[in-house]
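A structural walkthrough
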There are 2 protein chains.
Amino acid sequence: MPTTEVIASIQPSPPPVGGHTERNCAFKVACSSCNLRELCLPLGLTTQELERLDKLVATRRSVRRGDALFRAGEPFQSLYAVRTGFFKTCVSAEDGRDQVTGFQMAGELLGLDGISGDSHSCDAVALEDSQVCVIPFADLERLSREFVDLQRQFHKIMSREIVRDHGVMLLLGSMRAEERLAAFLLNLTQRLQARGFSPSALVLRMTREEIGSYLGLKLETVSRTFSKFQDDGLLEVKQRHIRILDQAGLQQLVNGATC
Amino acid sequence: MPTTEVIASIQPSPPPVGGHTERNCAFKVACSSCNLRELCLPLGLTTQELERLDKLVATRRSVRRGDALFRAGEPFQSLYAVRTGFFKTCVSAEDGRDQVTGFQMAGELLGLDGISGDSHSCDAVALEDSQVCVIPFADLERLSREFVDLQRQFHKIMSREIVRDHGVMLLLGSMRAEERLAAFLLNLTQRLQARGFSPSALVLRMTREEIGSYLGLKLETVSRTFSKFQDDGLLEVKQRHIRILDQAGLQQLVNGATC
DNA sequence: CGGCTGATTGAGCGTCGTCAATTCAGGTGG
DNA sequence: CCACCTGAATTGACGACGCTCAATCAGCCG
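Residues numbered from 1 in each chain as written. Chains lettered and ligands numbered in written order. Predicted model: local features only at pLDDT ≥ 70, side-chain atom pairs only at ≥ 80, totals over all residues. Heavy atoms only, no water.

Another aspect to go through is the protein's contact with DNA strand C. Among the 19 residues in the neighbourhood of DNA strand C, the closest are listed as A:Arg208, A:Ser223, A:Ser227, B:Ala177 and B:Thr221. Backbone atoms, meaning sugar plus phosphate, form 66% of the atoms of DNA strand C positioned within 4 Å of the protein. Within the side chain of A:Ser227, an N or O atom sits 2.4 Å from a phosphate oxygen of DNA strand C. Contributions of two or more residues to the surface near DNA strand C are made by helix H7 (219-231) of chain A together with helix H6 (219-231) of chain B. It is H7(A) that contributes the most residues to the surface near DNA strand C, 5 residues altogether. Looking at the surface near DNA strand C, its residues break down into 4 nonpolar, 7 polar and 8 charged. (Near = heavy atom within 4 Å. Polar contact = N/O pair within 3.5 Å; in protein donor to acceptor, adjacent residues only side chain to side chain. Helix = DSSP H or I, 4+ residues; strand = E, 2+ residues; numbered from the N terminus. Nonpolar A, V, L, I, M, F, W, Y, C, P; charged D, E, K, R; others polar.)

Quick look at the structure:
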């Protein structure tokens, strides 16, 4: 399942503007002509606003699989919009324990955690070769003081992240292993579908261990639950290739139909 | 442990401005003279900005113990800053399961979840008789377009909520019962201490069941863990009255010193 | 092909949930 | 003032879900 035809009108990058110290500067695609604009920051903006946003989001950055876009403790300067690829974010406790807090795909924002303390509080690691748009936060704040729609959209994105986190808390706090995995798969397919991918076939970009960390389970439990879903005829599982055979069945699981 | 001397210069309320349909309008205290301003939205604002904020936060609302400040599904219009009292927020799944997502005390903001979808996505319920300052969100957005400091502070507050949520995910995803309860107690006392309360004596405003819901445990487990902490000499537990005897011991528990 | 990482599967155990009984605190009314 | 009632908290016994430890298997890349 390669990244689809989403990539449009890629142009050679101009020299980085403004003296930002972004590590690998790559290409430039205007937000106004980006296929992800309906899923990303530009949603709802007027043509004029889009033009200004285009100037703001001037640099891009490539991150290779396994590399970090940023790490906890690094100074916060920019937000990042995933253009292509796939990321995980994870927080770490002092004792080394760590927890995957989310998986991000094209059109989703990374780095919101850094605003509060002027430094990032989690790691963002690419799970496949990826590209992000760099959004200097000071510029974004400035522009969002000018444009109501941009301000509004940014606030909605932050709020949506909070609502998402609450959903994860519900999952971690009160669901059992099968319910968690079912909810996770349905969430993934839903987001992939919004990006034009098949709702029934997907390739997991993360390991069983990463899924387990996200869901508060051990990797063996994740693996076992996948096998059980296969036995029950809900899924077809071939390593990281998943085919959903009974979406309604998964949905039932999430809604406590186990009782 | 009654609400301390925090309440200052309470004045009779003027008639509600702007036609907001807030249910019970109560008192008015200017943000500029509020004892909580260093913990709340006014943090870092200039005198001029504070004056404008004072006009914006014109109404207050009293919520009696057990009543909801807002409920999931209700239209979102305003944020709320807790002035006195104590709240819980909880989300519900379709099947009735619900999850406490947080406890809010004086100076903390409620309602951020509502921004994303123009309606609230969780319930906010008072755990004791409380008062909140009503912050009409449209006004806040307008004012934060004028004032950099206000914009910045608001963004920091949203981001802080995201970081907090990630901490809860870590707790729910990878800690055991004792660690969860210890982390919870330390967090509570820390926040109470920032508000001038004793770091060692506290009164829980919530039931064991609510604590359990927040921590992803059953109420019996919470109760048992309290008892164990008492046996171990970490706490003195008398129903909802808790005295912390060994803060360092609790801290050790949180940092996986169980091994 | 060999070595490596990730995934699967099994056996046994531990933590926490379930069910149930009892105690405790607070409020109400006789 | 005490008996009563209700909701919350405590404590015990038991069982299940998921974790631990371990062996095996499947891909992948040098």
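In this section: the protein's contact with DNA strand D. Within the structure, DNA strand D sits among 18 residues, and A:Ala177, A:Thr221, B:Arg208, B:Ser223 and B:Ser227 are positioned closest to it. Side-chain polar atom of A:Thr221 to a phosphate oxygen of DNA strand D: 2.3 Å apart, as the coordinates give it. Sorting the residues of the surface near DNA strand D by element identifies H7 of chain A together with H6 of chain B as the ones contributing at least two each. Here the surface near DNA strand D gets 5 residues from one element, more than from any other, and that element is H6(B). Its residues placed into classes, the surface near DNA strand D shows 4 nonpolar, 6 polar and 8 charged.

A separate point is the interface of chain B and chain A. Each partner contributes to the interface: chain B provides 46 residues, whereas chain A provides 46 residues. Across the chain B to chain A interface the summed buried area is about 4,300 Å²; carbon plus sulfur atoms make up 57%. Among the residues of chain B in contact with chain A, B:Arg97, B:Arg145 and B:Met169 are the three that bury the most area, contributing 16% of the side total. For the interface between chain B and chain A, the tally reads 8 salt bridges. Close ionic contact of A:Arg97 with B:Glu179 constitutes a salt bridge, the shortest N to O distance being 3.0 Å. (Contact = heavy atoms within 4.5 Å. Buried area = accessible area lost by both parts, 1.4 Å probe. Salt bridge = Lys/Arg side-chain N within 4 Å of Asp/Glu carboxyl O.)

Residue and element names in this part refer to chain A. Here strand E10 (residues 235-238) shows a clear split, with Leu235 and Val237 buried on one side and none of Glu236 and Lys238 buried on the other. With 4 bridges joining them, E10 and strand E11 (residues 241-244) adopt antiparallel strand pairing. Its bridge partner lying in E11, glutamate 236 is registered against arginine 243. Where E10 folds back onto E11 in an antiparallel hairpin, the turn is made up of 2 residues, including glutamine 239, whose phi is positive at roughly 55°. (Buried < 20%, exposed > 50% of the residue type's maximum accessible area, 1.4 Å probe, protein only. Pairing = 2+ DSSP bridges.)

What follows deals with the packing of helix H6 (residues 208-215) of chain A against H7(A). A packed helix pair is summarised by two numbers, namely the angle formed by the two axes and the spacing between the axes. Residue and element names in this part refer to chain A. The geometry of H6 relative to H7 is characterised by a closest axis approach of 8 Å and an angle of 100° between their N-to-C directions. What the angle tells us is that H6 and H7 run roughly perpendicular. Across from Arg208, Glu209, Ile211 and Gly212 in H6, the residues of H7 making contact are Leu219, Val222, Ser223 and Phe226. Residues belonging to the contact of H6 with H7 are distributed by class as follows: 4 nonpolar, 2 polar and 2 charged. (Axes fitted to C-alpha atoms, helices over the stretch in contact; angles between N-to-C directions. Parallel < 35°, antiparallel > 145°, perpendicular 65-115°, else oblique.)

This brings us to the environment of B:Asn255. Its place among the elements puts B:Asn255 in the segment after helix H7 (247-254). C-alpha of B:Asn255 to C-alpha of B:Glu179: the two residues are 76 residues apart in sequence and 8.0 Å apart in space. If sequence neighbours within four positions are ignored, B:Asn255 has contacts with A:Glu94 and A:Asp95.

Attention now goes to the pairing of strand E3 (residues 59-63) of chain A. Residues and elements named next belong to chain A. Burial analysis of E3 places 4 of its 5 residues in the buried class, the great majority of the element. In this sheet, strand E8 (residues 123-136) lies alongside E3 in antiparallel orientation, the contact comprising 5 bridges. In the strand pairing of E8, arginine 60 is matched with cysteine 133.

Residues and elements named next belong to chain B. Pairing is antiparallel in the open sheet, where 3 strands are placed in the order E9-E11-E10. Across the chains shown, the open sheet's two edge strands, defined by having one partner strand only, are strand E9 (201-203) and strand E10 (235-238). Here the average twist between neighbouring strands, direction ignored, is 15°. Helix-sheet contacts for H6 involve E10 and strand E11 (241-244), and the interaxial angle to E10 is about 130°.

Quick look at the side chain of A:Glu128 now. Residues and elements named next belong to chain A. As for its placement among the helices and strands, glutamate 128 is situated in strand E8. Residue classification places glutamate 128 among the buried residues on the basis of a relative accessible area of 17%. At 3.2 Å, the side chain of glutamate 128 and the side chain of arginine 205 are in polar contact.

Moving on, we come to the packing of aromatic side chains. All names here are of chain A. Within this structure, the stated rule accounts for 14 aromatic pairs over all chains. Ring centres of phenylalanine 70 and tyrosine 80 lie 5.9 Å apart, and the angle between their planes is 25°; on these two criteria the pair is classed as stacked. Taken together, the residues span a long stretch of sequence, with phenylalanine 70 in strand E4 (residues 68-70) and tyrosine 80 in strand E5 (residues 78-92) at a distance of 10 residues. Exposure remark for tyrosine 80: the relative accessible area of 6% places this residue in the buried category. Grouped by ring-pair contacts, the aromatic residues Phe86, Phe103, Phe184 and Tyr214 constitute a single cluster. (Phe/Tyr/Trp six-rings, centres within 6.5 Å; stacked < 30°, edge-to-face > 60°.)

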